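Listed here are the chains, written in short residue letters.
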Amino acid sequence: MKTRSFMVIAFIITLVAGAGGLFYRPGTNIAAEEGLTAPEIAGEEPAGSIPAVESAPAVLDALEKVAENEFLALYLSGKTTEVAVLEKKTGKIWYSNPPGREADPVAVGINKIKLGSQLSVTFYTPHAHRRTMDNASECIEYGQYEVEKLPNGVKVTYTIGKKEEIYIIPEKITGERFDKVLEKISASEQRNLKRRYIEIDLNEVEDRRERQQLINEHPALRRHDVVYVLRPNLSLFVLRQLDKIFVEAGYTLEDVNEDHRENEVPEKEIPKDIFTIPLYYTLDGENLVVTIPSNEVVYHSSYPLTEIRVLEFFGAAGPEAEGYIFVPDGSGALIHLNNGKTRHRAYYGPVYGRDYARQYTEIFEEREQVYLPVFGMKQGDQAFFAIIEKGDALATIIADVSGRINSYNTVCAEFSSVAHGTIDLTTLAGNNVIKVYQKRIAQGDFQIRYAFLTGEKADYMGMAEYYRDYLFKKGALKAERTAGAVPFYLELVGGIDRIKPFLGVPARRIEALTTFSEAREVVDRLLAADVNNLKLRYTGWFNGGLRQSLPGKINILKELGGRTGFTRLARYLRANNVEFYPSVTFEYAKKAGILRGFNTRTAASRFINQDVGVLYEINRATYQEDKEKRPQYMVCPSRVGRYVSRFLRRYRALDVKGLSLTTMGRDLNANYREKRLVDRAQAKQYIETELVKMTETGYRLMAEGVNAYALAHTAHIINMPMDSNKYLITDESIPFYQIVTCGHVDYAGEPVNLAGDPRRMFLKTIETGGGLYFTWIYRDNSLIKETDYDHLFSVDYKKWFDQAVAFYHEAREVLEDVRGQRIIDHRRLADDVYKVTFEKGKTIMVNYNRKPVTVEGITLAGESYHVLREGRGDR
């Protein structure tokens with residue numbers, strides 16, 4: 001980051017050819033300079049058009065071609081800096097801003113001007129007032145931008161916020177200081193300077209009243225005999241002459257303000273609410289890549305730049321367009337274009353969920369997070385698909401429909417450049433809250449890759465296929481296919497801590513819910529019931545049970561059978577080909593203290609207000625922190641590696657090759673400690689390093705949810721979102737995440753026995769080709785009452801065993817022959833009725849309605865499915 005005070009001079013852009021590229025002033029025709037001409041494309045209507053829009057050729061002809069490759073051509077307007085991307089194969093043109101926006105009947109005032117923006121910024125004033133500006137109204141209008149042509153693209157540097165021309169000219173200056181300036185300039189410059197000032201010499205004024213009046217008007221006369229006063233109404237030409245003279249004499253802005261203070265003249269101050277942001281457009285094969293390097297962003301520290309929104313109107317769809325916006329909400333969701341839902345909140349999806357170091361004292365809704373950094377839009381038989389390649393951990397995906405403040409449907413990414421929070425001083429100074437900010441801008445680049453899809457590929461299936469191929473090329477998704485029977489994921493909870501009487505005194509003791517020998521009994525029964533491909537996840541097995549202390553040491557609970565019992569269970573599972581995944585948490589410390597291996601002063605993350613990062617459960621009734629329950633502490637991301645290394649050294653002796661990560665695949669928290677700041681982008685790098693460490697050591701990982709950066713390291717995903725949050729702005733949920741991963745990663749949704757609707761969760765397994773997941777305990781469910789673990793409300797394995805076996809046999813019969821196959825088609829047939837097709841042609845229809853539905857000549861009973869094999873019915 002660059003933060004500095006700087007002198008702003010008049011902004012003049014000239015045409016200069018040099019080693020750095022081509023610079024030009026607004027309006028310069030680059031095409032003419034380089035002999036380039038815009039191709040004529042007949043009959044193309046621009047995306048997002050509204051009535052009275054010019055034809056595509058007319059719009060394109062008004063732009064200059066600035067880059068071109070085999071697949072794409074990039075055009076830019078020297079007047080507005082909007083860009084257009086031409087797909088050569090199809091003739092389709094994608095615009096950064098909708099053509100014809102001037103005729104938008106909905107947008108008025110600043111909202112109409114904003115339609116021409118490529119960037120908008122959010123910042124705070126020194127008085128903690130939140131402000132937003134965009135480059136259309138606060139940059140383009142003043143000509144405060146510079147364009148540099150690159151070998152395969154173009155760079156546009158914006159200065160957002162009106163710059164003022166500050167002249168280094170004192171309005172009043174004492175005779176002594178004026179003489180010092182005169183000594184440093186030529187005779188002609190001396191004459192020029194003297195002509196522009198009025199000399200006031202107190203020695204030449206005899207009248208007492210007049211002397212006092214002059215002293216009142218020019219306070220420096222109290223201590224000096226002579227003051228020079230700048231003549232009024234000087235021309236701009238003269239002011240620039242004087243500025244040059246003073247600057248060349250070594251006179252500075254600080255000198256101006258010193259003279260002004262002495263004469264009680266208001267000081268000259270350079271505006272600080274000015275932000276310089278470069279935007280790089282690069283053609284990379286069939287893609288457009290848009291980048292903002294954070295180390296090139298300039299802002300003043302007293303006006304912290306908290307968010308940068310990029311290309312909000314790229315590919316914007318107008319009121320007549322048909323299609324949808326895709327957002328990766330949970331499993332995925334679609335927002336139909338022009339759905340009229342302007343009374344509902346626009347979509348906001350923080351990528352990788354909440355950063356709990358931002359301190360949430362209340363949460364208004366429980367929600368599935370965004371696991372994949374992607375978004376897109378379909379318009380007719382064309383679509384664009386965007387991948388947030390860099391800065392993804394800092395991004396929020398924003399989507400809205402037409403009719404709210406303008407006539408366009410939009411989807412874009414906004415980056416959190418400087419995190420912010422509050423300090424509550426109520427206990428010290430009454431009702432008083434102050435804003436606090438991250439001390440520097442987030443490290444790294446903010447980068448989005450835009451891909452363009454056509455015809456049959458221009459839908460969410462095409463987007464998912466594109467993203468899957470992209471992940472393969474990046475090594476972020478394993479190429480090998482899944483194999484074996486449909487997986488059955490069984491989580492057994494070992495021990496919990498609860499208050500029990502000990503020698504007549506209430507104390508926290510371990511309560512065994514499933515001992516190692518009891519776990520063997522449950523697995524025995526499942527194997528005997530012909531449940532194959534069983535994966536055992538064991539939680540609460542060491543270091544205090546389910547509320548596990550940090551794993552610097554491994555103390556296996558003696559209440560469960562101790563180390564001997566654990567070893568026997570592991571040996572038994574290995575002999576019966578049951579994969580074993582003991583669970584561990586590295587990112588949170590349930591217990592604190594030096595003797596417990598966690599010093600909050602040195603190892604805990606800090607909130608932005610510098611408080612220790614302590615988290616309380618959110619009460620589901622009040623949606624506020626429940627401080628009656630015990631807290632947990634966030635471990636600083638840079639410290640996680642120490643605990644991972646210590647754990648692995650001890651875990652190796654247990655001879656188990658599986659490991660279940662409770663939070664590491666899902667949660668991503670920063671550390672805002674001032675002297676050891678780890679922003680969220682850096683936190684992601686630390687977590688990735690530990691995932692690599694574990695897999696390269698030879699462990700197979702099971703993880704919950706799994707953010708995109710953890711996919712390459714995860715063998716099994718549990719608690720994968722099977723639905724979206726169904727926000728009111730959205731229109732339908734889609735299994736986008738499953739389409740991307742099916743056939744390459746084994747996964748399952750939430751535990752069937754803990755789902756709000758177990759039958760629906762089972763049908764989701766059928767629709768997505770996943771596995772089944774159950775969370776059980778061996779002993780009676782009543783042992784969990786009046787504990788901190790009341791979320792385990794229905795986990796008695798005896799009550800669920802028969803149903804689980806029946807579900808598994810049914811799922812295996814339907815899905816066994818599609819194991820290792822990708823999903824190649826998915827579509828909605830009616831409300832809550834979907835059809836999915838796998839690689840070798842097997843098709844399954846699923847009806848989530850409680851009532852029968854007839855589609856494509858087939859009647860499906862309520863909450864049922866129908867299987868087709870290459871067009872022939874086969875239940």
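About the thresholds
- Residues numbered from 1 in each chain as written.
- Predicted model: local features only at pLDDT ≥ 70, side-chain atom pairs only at ≥ 80, totals over all residues.
- Heavy atoms only, no water.
- Helix = DSSP H or I, 4+ residues; strand = E, 2+ residues; numbered from the N terminus.
- Buried < 20%, exposed > 50% of the residue type's maximum accessible area, 1.4 Å probe, protein only.
- Contact = heavy atoms within 4.5 Å.
- Areas by Shrake-Rupley, 256 points an atom, 1.4 Å probe, with all protein chains shown as cover.
- Lys, Arg positive; Asp, Glu negative; His and termini not counted.
- Charge placed at Lys NZ, Arg CZ, Asp CG, Glu CD.
- Expected span 1.5 Å × (residues − 1).
- Polar contact = N/O pair within 3.5 Å; in protein donor to acceptor, adjacent residues only side chain to side chain.
- Pairing = 2+ DSSP bridges.
- 1 Å grid on protein atoms, 1.4 Å probe; cavity = no way out; pocket = protein on both sides within 12 Å on 5 of 7 lines; lining within 4 Å.
- Points joined across faces, edges and corners; volume = space filled by probe spheres on them.
- Nonpolar A, V, L, I, M, F, W, Y, C, P; charged D, E, K, R; others polar.
- Axes fitted to C-alpha atoms, helices over the stretch in contact; angles between N-to-C directions.
- Parallel < 35°, antiparallel > 145°, perpendicular 65-115°, else oblique.
- Left-handed = near helix turned anticlockwise from the far one by under 90°.
- pLDDT = per-residue confidence, 0-100.
- Salt bridge = Lys/Arg side-chain N within 4 Å of Asp/Glu carboxyl O.
- Core = buried A, V, L, I, M, F, W, Y, C linked by side-chain atoms within 4.5 Å.

A. How the structure looks around the overall build of the chain. Within the chain, the regular secondary structure consists of 19 helices and 47 strands. Projected onto its principal axes, the C-alpha positions of the chain cover 115 × 80 × 45 Å. Across the 875 residues of the chain, 59% fall into the buried class. Here the analysis covers contacts within the chain between residues at least 6 apart in sequence; of these, 69% occur between residues at least 24 apart. Per element, the accessible surface of the chain, about 37,100 Å² overall, is 47% carbon and sulfur. Each charge class in the chain was averaged separately, 116 positive and 118 negative side chains, and the resulting centres sit 7 Å apart.

B. Examining helix 16 (residues 680–696) more closely. Here helix 16 spans 24 Å end to end across 17 residues, near enough to the 24 Å set by a 1.5 Å rise per residue. Those residues of helix 16 not exposed but buried are Arg680, Ala681, Ala683, Lys684, Ile687, Glu690, Leu691 and Met694. In this fold, the buried residues of helix 16 make contact with helix 15 (637–651), strand 35 (658–661) and strand 36 (700–704). N-cap assignment for helix 16: the residue whose side-chain oxygen lies 3.0 Å from the backbone N of Ala681 is Asp679. Of the residues one or two after helix 16, Gly698 is the one with positive phi, at around 110 degrees.

C. Summary view of the pairing of strand 41 (residues 823–830). Both strand 41 and strand 42 (residues 833–838) contribute to a ladder of six bridges, which runs antiparallel. Note on strand 42: the bridge partner recorded for Asp825 is Thr837. Here strand 41 hands over to strand 42 after two residues, with Asp832 in that stretch at a positive phi of 60 degrees.

D. Spotlight on the environment of Ala710. For Ala710, the position within the fold is in the loop between strand 36 and strand 37 (716–718). A C-alpha to C-alpha distance of 9.9 Å links Ala710 and Tyr371, two positions 339 residues apart in sequence.

E. Region of interest: empty space enclosed by the protein. Scanning all chains against the criterion turns up five cavities of 30 Å³ or more. Each pocket or cavity is described by its volume, and for the largest cavity that value is around 110 Å³. Considering only residue class, the lining of the largest cavity consists of seven nonpolar, six polar and two charged. Put simply, the second largest cavity is a space of about 60 Å³. Forming the boundary of the second largest cavity are Glu587, Val635, Pro637, Val640, Leu668, Asn669 and Ile687. Grouping the constituent residues of the lining of the second largest cavity by class yields five nonpolar, one polar and one charged.

F. Representation of unusual backbone geometry in the model. With a phi close to 65 degrees, Tyr352 is a non-glycine residue in the positive phi region. The topology assignment puts Tyr352 in the loop between strand 19 (347–350) and strand 20 (374–379). Even without a glycine there, the phi angle at Asp655 is positive, about 60 degrees. Locating Asp655 in the fold gives a position in the loop between helix 15 and strand 35.

G. Expanded view of the packing of helix 12 (residues 516–528) against helix 19 (residues 797–815). Running from N to C, helix 12 and helix 19 cross one another at 25 degrees; their axes reach a closest spacing of 11 Å. For the element pair helix 12 / helix 19, the angle class is roughly parallel. Taken as a pair, helix 12 and helix 19 cross one another with a handedness that is right-handed. Mapping the contact onto sequence places Glu521, Val522, Arg525 and Leu526 in helix 12 and Tyr797, Phe801 and Val805 in helix 19. For the contact of helix 12 with helix 19, a count of residues per class yields five nonpolar, no polar and two charged.

H. Layout of the environment of Val614. Structurally, Val614 is set in strand 33 (residues 614–615). Taking C-alpha positions, Val614 is 6.3 Å from Pro631, a pair spaced 17 residues apart along the chain. Once residues lying within four places of it in the same chain are set aside, the contact partners of Val614 are Phe607, Pro631, Gln632 and Tyr633.

I. Focus on the sheet that holds strand 13 (residues 226–230). The strand order 11-13-12 describes an open sheet built from three strands, whose pairing is antiparallel. On the outer flanks of this sheet lie strand 11 (172–174) and strand 12 (197–201), each paired with one strand and no other. The sheet shows a mean angle of 25 degrees between the axes of neighbouring strands, direction not considered. Set on the sheet, helix 5 (residues 175–182) makes contact with strand 11, strand 12 and strand 13; between it and strand 11 the angle comes to about 90 degrees.

J. Quick look at the confidence of the model for the chain. Averaged over all residues, the pLDDT of the chain equals 89, while 91% of them reach at least 70. Here residues 1–49 scores under 50 on pLDDT; set against residues more than four positions off or in separate chains, the count is 122 contacts. Per-residue pLDDT stays below 50 along residues 871–875; that stretch engages in ten contacts with residues further than four places along the chain or on separate chains.

K. Structural view of the pairing of strand 13. Counting buried positions over the five residues of strand 13 gives five, a clear majority of the element. Burial along strand 13 is two-sided: Val226, Tyr228 and Leu230 facing one way and Val227 and Val229 facing the other are all buried. Taken together, the three bridges between strand 11 and strand 13 define a ladder with antiparallel strand orientation. Across the sheet, residue Ile173 finds its bridge partner in strand 13, namely Tyr228.

L. Molecular detail of the side chain of Glu307. The residue Glu307 is located in strand 16 (residues 305–310) in this model. No salt bridge is formed by the buried Glu307, whose closest oppositely charged neighbour, Arg130, lies at an N-O distance of 4.5 Å. A polar side-chain atom of Glu307 sits 3.4 Å from a polar atom in the side chain of His420. If near-sequence neighbours (up to four positions away) are discounted, Glu307 is found in contact with Ser120, Val121, Thr122, Glu414, Phe415, Ser416, Ser417 and His420.

M. Representation of the pattern of salt bridges. For the structure on display, the rule yields 53 salt bridges. The residue Arg222 makes a salt bridge to Glu264 at a minimum N-O spacing of 3.8 Å. Pair noted here: Arg222 is in the loop between helix 7 (208–217) and strand 13 and Glu264 is in the loop between helix 9 (253–262) and strand 14 (275–284), with a separation of 42 residues, a long-range link. Like Arg222, the residue Glu264 is exposed in the burial classification. In this structure, the salt-bridge partner of Asp679 is Arg440, at a minimum N-O distance of 3.0 Å. Of this pair, Asp679 sits in the loop between strand 35 and helix 16 while Arg440 is found in the loop between strand 25 (433–437) and strand 26 (445–454), placing the two residues 239 residues apart along the sequence.

N. Summary view of the nonpolar core. Formed by 198 residues in total, the largest nonpolar core has its most connected members in Tyr467, Trp541, Phe736 and Trp776. It is helix 19 that provides the largest number of residues to this core, a total of ten residues. Apart from residues no more than four positions distant in its own chain, Trp541 is found in contact with Phe516, Ile554, Ile556, Leu557, Leu560, Phe566, Pro582, Ser583, Tyr651 and Leu654. Formed by 24 residues, the second largest nonpolar core is a distinct cluster that contains Ile168, Leu230, Val238 and Ala249.

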